[in-house]
Amino acid sequence: MELKQEIVPSTWFELQDLLFTDSFNEKINRTRSPYIYRGLPKFDYQLKTSLIRLNGPFENLEFHLLRNFKKYSFSPDGNNKSDWEWLAIAQHHGLPTRLLDWTYSPYVALHFATAELNKYHKDGVIWALNYENLKNYLPDKLQSKLNQIGSNSFTIDMLDELYQNISELSQEKTDFVVAFEPASIDDRIVNQYAIFTFMSHANAILNQWLIDKPDLYFRIRIPAEMKWEIRDKLDQVNINERVLFPGMDGLSKWLSRHYSPNDSKSKKFSNTKINHL
């Protein structure tokens, strides 16, 4: 189908088609999407990293944030970890970094677009990024490494062969985006089918870089009036906090949301029992 940069579904069935846009790979006769996905609860949210959202001189803060994370973290093999491994671990545990979280699963992205009940009056968004085509915008040495391995994304070891640390990467003169698949640190990484992107410079904002590159992305606008239907159907197919954040914290978030009434019909709940598990 011909892609538009912003597509708005009107039904659950239209949404399914959009989520699997161009997923069939004729070369191998299998479904293998070239896209990775990022879901956000508000349509106007930019693709800003947690580092940029700190405000201030974040380019200068990046080195010190990571340095102190290494220093204060307990890790028996800490001296054997590269910057890229530390960066993935830090992002995973909430440290502001230049990494952006993505997923290979459109349904996981849809979860994050509908997980915050206090934003159900706002349209959400799914960003779809063609990570296979990203390599066309990489410097030659990064392209060569991907072609040598036959991959569309980098691993920690591959990055470590090309750059000693993140400071060396930042010396590159051009802006580009790297798709980076972390190691399976824990069940959360695995269950969320996670992949990261980062830009060559800490102050670059991905959606601004994408503006003149329509071959790399499209967006699905999630209408606010569809969020409750989407949320309930995702829960029914077991895409929820209990699965994506294994442990007591995820379980508590899931149960809290599961038993929250639909505000648009909240008056009816005063005389109606909620369906229990």
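Just so it is clear, the structure is predicted and the values come from calculations on it, not from any experiment.

Per-residue pLDDT for the protein averages 89, and the proportion of residues at 70 or more is 92%. Within the protein, the lowest mean pLDDT, 86, falls on strand S2 (residues 24–25), and the highest, 98, falls on strand S4 (residues 35–40). Low pLDDT, under 50, characterises residues 266–276; the stretch is placed with 7 contacts to residues that sit more than four places away or in other chains.

This next bit is on the nonpolar core. In terms of nonpolar packing, the biggest core is built from 26 residues, with Trp84, Leu142, Phe154, Val178, Phe180 and Phe198 touching the most fellow members. Elements represented by at least two residues in this core include exactly helix H2 (58–72), helix H3 (83–92), helix H5 (140–149), helix H6 (156–162), helix H7 (166–169), strand S7 (177–180) and strand S8 (194–199). Looking at this core, the element that brings in the most residues is H3, giving 6 residues. If we ignore the near neighbours within four places in the chain, the residues touching Phe180 are Trp84, Ala88, Leu99, Phe154, Thr155, Ile156, Leu159, Ile195, Phe196 and Phe198. Val125, Leu206, Leu216 and Tyr217 belong to the second-largest nonpolar core, a separate cluster that totals 22 residues.

Glancing now at the packing of helix H4 (residues 106–114) against helix H10 (residues 227–236). When two helices pack together, their arrangement is given by the angle between the helix axes and the distance between those axes. Close contact between H4 and H10 brings their axes to 10 Å; oriented N to C, the two are set at 130 degrees. The angle between the axes of H4 and H10 places the two elements in the oblique class. The handedness of the crossing between H4 and H10 comes out as left-handed. Contacts from Tyr107, Leu110, His111, Ala113 and Thr114 in H4 reach Lys227, Ile230, Arg231 and Leu234 in H10. Tallied by class, the residues present in the contact of H4 with H10 amount to 5 nonpolar, 2 polar and 2 charged.

For the structure shown, the criterion picks out 12 salt bridges. The salt bridge partner of Arg221 is Asp123, with a shortest N-O separation of 2.8 Å. Residue Arg221 is located in strand S9 (residues 217–222), and its partner Asp123 is located in the loop between H4 and strand S6 (124–130); the two are separated by 98 residues in the primary sequence. Residue Arg221 is classed as partly exposed on the basis of its relative accessible area, which comes to 23%. Close ionic contact of Glu161 with Lys145 constitutes a salt bridge, the shortest N to O distance being 2.5 Å. Of the two residues, Glu161 sits in helix H6 while Lys145 sits in helix H5, which places them 16 residues apart along the sequence. In this structure Glu161 comes out as exposed when scored by relative accessible area, which is 57%. According to the relative accessible area criterion, Lys145 is buried, its value standing at 10%. Within this structure, Glu6, Asp123, Arg219 and Arg221 form a network of salt bridges that share partners.

Turning next to the pairing of S6. Counting buried residues along S6, 7 of its 7 residues qualify, which places the element largely inside the surrounding structure. The pairing of S4 with S6 spans 6 bridges and is classified as antiparallel. Bridging across to S6, Tyr37 finds its partner in Ala128. With 6 bridges joining them, S6 and S9 adopt antiparallel strand pairing. Opposite Ile126, over in S9, you have Ile220 as the bridge partner.

Cut-offs and rules
Residues numbered from 1 in each chain as written. Predicted model: local features only at pLDDT ≥ 70, side-chain atom pairs only at ≥ 80, totals over all residues. Heavy atoms only, no water. pLDDT = per-residue confidence, 0-100. Helix = DSSP H or I, 4+ residues; strand = E, 2+ residues; numbered from the N terminus. Contact = heavy atoms within 4.5 Å. Core = buried A, V, L, I, M, F, W, Y, C linked by side-chain atoms within 4.5 Å. Buried < 20%, exposed > 50% of the residue type's maximum accessible area, 1.4 Å probe, protein only. Axes fitted to C-alpha atoms, helices over the stretch in contact; angles between N-to-C directions. Parallel < 35°, antiparallel > 145°, perpendicular 65-115°, else oblique. Left-handed = near helix turned anticlockwise from the far one by under 90°. Nonpolar A, V, L, I, M, F, W, Y, C, P; charged D, E, K, R; others polar. Salt bridge = Lys/Arg side-chain N within 4 Å of Asp/Glu carboxyl O. Pairing = 2+ DSSP bridges.

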